[in-house]
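# Survey of secondary and tertiary structure
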Amino acid sequence: MRLYAAVARSSFRRYAGYRAATWAGVLTNTVFGFFIAYTYQALWQVRPHLGGYDLSAALTYVWLGQALLMPVAAMGGGVQDDIEARIVNGDIAVDLYRPVDQQVWWLAADLGRSCYHLLSRGIVPMLVGSLFFHLRMPAGGPATQALTWAGALLSVGLAVVVSFLLRYLAALTGFWLMDPRGVRQVTVVLGMFFSGFLLPLSLLPTALAAVAQHLPWAAMVQIPLDVFLQRRTGAALAAGLLLQLGWAGVLLGAGQLLQRAVVRKVVVQGG
Amino acid sequence: MSAPLSPYRRTREALRAYRLVAGMWLRASLAYRASFWITTIGNGVTSLLDFVVIAVMFRHTTTLGGWTLPQVAFLYGTSGLTLGLADLLVGSLDQLGQRVRDGSVDTVLVRPAAALAQLGADRFALRRAGRVVQSLLVLGWSLVELRLDWTVPKLLVMAVLVLCGTVIFGSVFVAGAAFQFFATDAAEVQNSVTYGGATMLQYPPSVFARDLVRGAVYGVPLAFVNWLPALYLLGLPDPIGVPGWFRFASPLAALLCATAAGLAWRAGIRSYRSTGS
């Protein structure tokens, strides 16, 4: 456990080292936030309460989405880049010697990265957005507010875990396909669209929306945002967290199975 | 050192260098044929997502900022086409910071060919044509739906739109790369102007705040890529509030952009210090 904590810490520090990259990224998230917020505003002015969100909830959705984009790595990346590179250049063989669980090792590294991105590329765009648009913070009595914040933080944490487990599976396919780019592209497309990052899933055609709400990608953006916007409270809050937890469990198991197969495969290649 | 070449010879030599380097990367990428097709189609599908978002929005409304779906599709198609062409031609420049960090810019500078041509063609990726093809399809659909009365001036403005739009986006890529000589790990600044700008140009100008639109006319003049020519081509009133002849001023804007980018690139190259010095 202390080992993995150390991995997470050094991963955090590694990303914190790139100052200019961080500021460039903050700028990008902020600029995109503005563009998307204006388009949402144009749509919600025609259709107030579209998809169950009022205008200020919809605008909050946009800026929270920008804030979560990098921490959750909805477009792929994070440690996925490192794993893929090590598979392609063969360094992964050295990793497999190490007496650690690969999946947990990389999860720790990705959590460290995610924390850094949440603090840097998450908070600043959100603050800028709140200066120019009317954003919604959790409402209600102190207990309700505290519950919402706690639920949202927990949900974001689970979002990162689910996202990592999906990216880990995608990266491992590189052992069989040799070139990870194709699978990567497919997962990016699915992740962007079905996470709810581009549009709230409730705006999709009804049947598709119902399915999409239960897929693992919904656990990455849609559920944490709905928890923060207090669209999921009480039983719905619990159901959302359970869905995230359930997908985390399934994907964790799949990752374990796949990495066991990988070890066998690499040994065969080496022998 | 041989005698300085005439500007004409220099341009010809640079284009030849570009062709050679790009051709080499093209052959390399076609060696992995399955991967090439997957990534090309994947590129097209990824950029298509933006249009899916617009289409989903129009499930809930008939106009956005006063524009209909075919009109917005025209903006989407022209924005994607010009960005896609610029990205195909010089998009590799956004990896310049990486090359400055690992010192491999040195290899480029010692070769007897224009650095800009070599770096622009570096890792030339035909798979980026995915966005171009996909944008052309959406543009084609919008033109069928819009049933414009094509006249000679309109055809001319359309051709100028594609050409000048590509030059303006290309200039942003070059200027962004020049900036990376100074800030080597700030490649993403460029994304906010290129991909961010292209996202903005997919929507009618009336959607955005006035100051933002003004910035796109007088700051980084992206409005000349498609917003202003579109007002003429689609016969729409001006929501931007600029002189009427601005609709035909894209060549001027493109020229200004290219000049500014060229100067920035020179300043960048001059200031380059190899890593380790």
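### Observations concerning the overall build of chain B
Helix and strand content of chain B: 12 helices and 0 strands. Starting at the N terminus and walking to the C terminus, you meet the elements of chain B as α-α-α-α-α-α-α-α-α-α-α-α. For 277 residues, the compact-globule estimate of 2.2 N^0.38 gives 19 Å, and the C-alpha radius of gyration of chain B, at 20 Å, lies within 12% of that figure. Across its three principal axes, chain B shows a C-alpha extent of roughly 60 × 45 × 35 Å. Restricting to contacts in chain B with at least 6 residues of sequence separation, those with at least 24 account for 78%. A total of about 12900 Å² of accessible surface is found on chain B, and carbon and sulfur atoms cover 66% of it. In chain B, 23 side chains carry a positive charge and 13 a negative one; their mean positions are 8 Å apart.

### Considering the pattern of salt bridges
Residues and elements named next belong to chain A. For the structure shown, the criterion picks out 13 salt bridges over all chains. Two residues, Asp95 and Arg86, come together in a salt bridge whose shortest N-O distance is 2.7 Å. On the basis of relative accessibility, which here comes to 24%, the residue Arg86 falls in the partly exposed class. Connected through salt bridges with shared partners, the residues Asp81, Glu84 and Arg184 form a single ionic network.

### Remarks on empty space enclosed by the protein
Residue and element names in this part refer to chain A. All chains considered together, the criterion is met by 4 cavities of 30 Å³ or more. Looking at the largest cavity, its volume works out to about 110 Å³. Lining the largest cavity are 14 residues, and of these Leu166, Arg167, Thr187, Trp217 and Met220 sit closest to its centre. The class makeup of the residues in the lining of the largest cavity is 8 nonpolar, 5 polar and 1 charged.

What counts, and where the lines are drawn
- Each chain has its residues counted from 1, running along the sequence as written.
- Labels follow written order: the first chain is A, the first ligand is 1, and so on.
- Local features in this predicted model are restricted to residues whose pLDDT is 70 or higher, and side-chain atom pairs enter the listing and the counts only when it is 80 or higher, whereas totals over whole chains, interfaces and linings include all residues.
- The basis for every side-chain value is the complete set of non-hydrogen atoms in the structure, without hydrogens or water.
- Numbering goes from the N terminus for both helices and strands, where a helix is a DSSP run of H or I of at least four residues and a strand is a run of E of at least two.
- What the globule rule says is 2.2 Å times the number of residues to the power 0.38, and the radius of gyration is computed from C-alpha atoms.
- The contact definition used throughout considers only heavy atoms, calling two residues in contact when any of these lie within 4.5 Å.
- For every accessible area listed, the method is Shrake-Rupley and the probe measures 1.4 Å; residues are considered covered only by the protein chains on display.
- Only four residue types enter the charge count: Lys and Arg as positive, Asp and Glu as negative, with His and the chain ends excluded.
- For the purpose of locating charges, the reference atoms are NZ of Lys, CZ of Arg, CG of Asp and CD of Glu.
- Any carboxyl oxygen of Asp or Glu that lies within 4 Å of a side-chain nitrogen of Lys or Arg is treated as forming a salt bridge with it.
- Relative accessibility under 20% of the residue-type maximum defines a buried residue, over 50% an exposed one, and the middle range a partly exposed one, all with a 1.4 Å probe and only protein chains included.
- Here a cavity denotes grid points, spaced 1 Å and computed from the protein atoms alone, that fit a 1.4 Å probe unable to get out, and a pocket denotes an open set having protein on both sides within 12 Å along at least 5 of 7 lines; residues with an atom within 4 Å of a point are the lining.
- Grid points are joined across faces, edges and corners, and a volume is the space filled by probe spheres set on the points.
- Gly falls in the polar group here, along with every residue not listed as nonpolar (Ala, Val, Leu, Ile, Met, Phe, Trp, Tyr, Cys, Pro) or charged (Asp, Glu, Lys, Arg).

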